[in-house]
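# Topology and contacts: notes
Below, each chain spelled out in residue letters.
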Amino acid sequence: MKKEIPWDLIVSKLKNEISADDNRLLSDWVAANGELFEELCILWEKIRVNASCYQPDKEYYWKELSRRIHATGEVGGKHPARPVERNSAPLRLVPRRVYYAVAACAVILLAVAFFAGQWSGVSEPVPLEYVCMSGKASATLPDCSSVWLHNDTRVVCDVSRKGGSERVVTLQGEAYFDVAHDEGRPFLVKTGGMIIRVHGTKFNVEAFPDADSTCVSLLEGSVSLETATEQRFLQPGETATYNKLDGKLSVVRGDVLLASSWTQDQVVFSQRSLRDICRVLGKWYNVKIDLAPSVADKYRYTFTLRDESLEEILRLMSRINPIGYTFTDENELIIYDNEKTNPKM
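The following refers to the structure shown. Just so it is clear, the model here is predicted, and its values are computed rather than measured.

What follows deals with the overall build of the chain. Regarding its fold elements, the chain presents 9 helices and 18 strands. For the chain, the proportion of its 345 residues judged to be buried stands at 48%. Taking all contacts inside the chain whose residues are at least 6 apart in sequence as the whole, residues at least 24 apart take part in 48%. Only carbon and sulfur atoms are counted for the fraction: they give 49% of the accessible area of the chain, which is about 17,300 Å².

Written out as structure tokens, the structure is:
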């Protein structure tokens, strides 16, 4: 399957506005991706039917599409825990062809929400919603800013090219932003308990609703962080952590490149501790890792992470130093000191 999905052609086809030449181009892609195109047509038709009253329940349609996709991927029932591949569901049960549908599904949701407003005669701008359920996905916002969405992430934005004094984004999950400079219209990212205000910069935000804290790592530029009680400024190379429990905001210097490494095609570790490495592995392979404190900072590793399986990485590390590992039935990875008894085995 081709990795690039021709969204412009798909939307033109669904609106019955596609030219003969474009239709021939799209036909070649549909021939290789028939099931995905059929699912998108179903989603489009549902929202089109509902557009007369302009109440498209995007949450329902997303869940319905996701359910149907996963139904083709043998998801369901109990499965033995096993290593996971990058950019896949936790148990590697979703076929790779389906991953691209999941990773880019937000684009079609964006399109149908926009055209639903056109069909209903609504003239007000419609907030755009981007969703990544598994793996990672990238998108270009209407103001030419770009964003990477990580697993289980939703971004709702109102960042049109013209009009409005601010560009506003609401984030749940983890995202990496490369914000287009606009001196007259600051870019705001709203998360639980905190607002990030920028003009043009690159930064990573980890803000999952069920987590106790929100982390912001700044790579370039300058941002201000606003909470209910204080305002702080970040400089490149700094990471801010907002504690949702006590409302406190702390800022430290750290390896901000490591925080955003999940957006890259490879990660280079140079004399890194297991603590640092596992922070990346958890995101890279979409797996929860329980690391024994006794080995978290005991050993150092140097290697480059590319497309290897998680089991291959673990096997190599266990040969270098005496660590052990196992997977639970819930697909949680436990890493422990091989010279001691694993307390969870």
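The next thing to look at is the environment of Leu314. By secondary structure assignment, the location of Leu314 is in helix α9 (residues 310–320). Linking Leu314 and Tyr325, residues 11 residues apart in sequence, is a C-alpha distance of 7.5 Å.

In this fold, Asn321 is placed in the loop between α9 and β17 (323–327). A relative accessible area of 15% places Asn321 in the buried class. Non-local contacts of Asn321, meaning those with residues more than four positions away in its chain, are made with Tyr299, Arg300 and Tyr301.

Right, let's get into helix α1 (residues 7–14). Three or more residues of α1 are buried, namely Trp7, Leu9, Ile10, Val11 and Leu14. Looking one or two residues past α1, Asn16 carries a phi angle of roughly 60 degrees, positive in sign.

As a further point, take the sheet that holds strand β15 (residues 289–291). Taken in spatial order, the 3 strands make up an open sheet running β15-β18-β17, and their pairing is mixed. Of all the strands in the sheet, just β15 and β17 have a single pairing partner and so form its edges. Averaged over all pairs of adjacent strands, the angle between their axes in this sheet comes to 20 degrees, without regard to strand direction. Sheet analysis places β15 next to strand β18 (residues 333–337), joined by 3 bridges and oriented parallel.

This paragraph deals with the packing of helix α7 (residues 274–284) against α9. Where α7 meets α9, the axes come as close as 13 Å, and the angle between the chain directions of the two elements is 170 degrees. It follows from the interaxial angle that α7 and α9 lie roughly antiparallel. Every residue of α9 that contacts α7 at Leu274, Ile277 and Leu281 is listed here: Leu310, Ile313 and Met317. When its residues are assigned to classes, the contact of α7 with α9 shows 6 nonpolar, no polar and no charged.

Now for the nonpolar core. Phe177, Ile196, Phe203 and Leu225 are the most contacted members of the largest nonpolar core, which has 31 residues in total. Residue contributions to this core peak at 4 residues, all from strand β5 (residues 167–178). Apart from the residues within four sequence positions on either side, Leu225 is in contact with Met194, Ile195, Ile196, Val216, Glu230, Gln231, Arg232, Leu234, Ala240 and Leu249. By size, the runner-up hydrophobic cluster in this structure holds 30 residues, among which are Phe269, Cys278, Tyr285 and Leu305.

This part takes up the side chain of Thr153. Along the chain, Thr153 falls in strand β4 (residues 153–158). Judged by relative accessible area, Thr153 falls into the buried class, the value being 1%. Within the structure, the side chain of Thr153 is placed 3.3 Å from the backbone oxygen of Asn151, a separation counted as a polar contact. Of the polar contacts made by the side chain of Thr153, one reaches the backbone nitrogen of Glu174; its length is 2.9 Å. The contact partners of Thr153, leaving out residues within four places of it in the chain, are Tyr130, Val131, Cys132, Leu171, Gln172, Gly173, Glu174 and Phe208.

Thresholds, definitions, all that
Residues numbered from 1 in each chain as written. Predicted model: local features only at pLDDT ≥ 70, side-chain atom pairs only at ≥ 80, totals over all residues. Heavy atoms only, no water. Helix = DSSP H or I, 4+ residues; strand = E, 2+ residues; numbered from the N terminus. Buried < 20%, exposed > 50% of the residue type's maximum accessible area, 1.4 Å probe, protein only. Contact = heavy atoms within 4.5 Å. Areas by Shrake-Rupley, 256 points an atom, 1.4 Å probe, with all protein chains shown as cover. Pairing = 2+ DSSP bridges. Axes fitted to C-alpha atoms, helices over the stretch in contact; angles between N-to-C directions. Parallel < 35°, antiparallel > 145°, perpendicular 65-115°, else oblique. Nonpolar A, V, L, I, M, F, W, Y, C, P; charged D, E, K, R; others polar. Core = buried A, V, L, I, M, F, W, Y, C linked by side-chain atoms within 4.5 Å. Polar contact = N/O pair within 3.5 Å; in protein donor to acceptor, adjacent residues only side chain to side chain.

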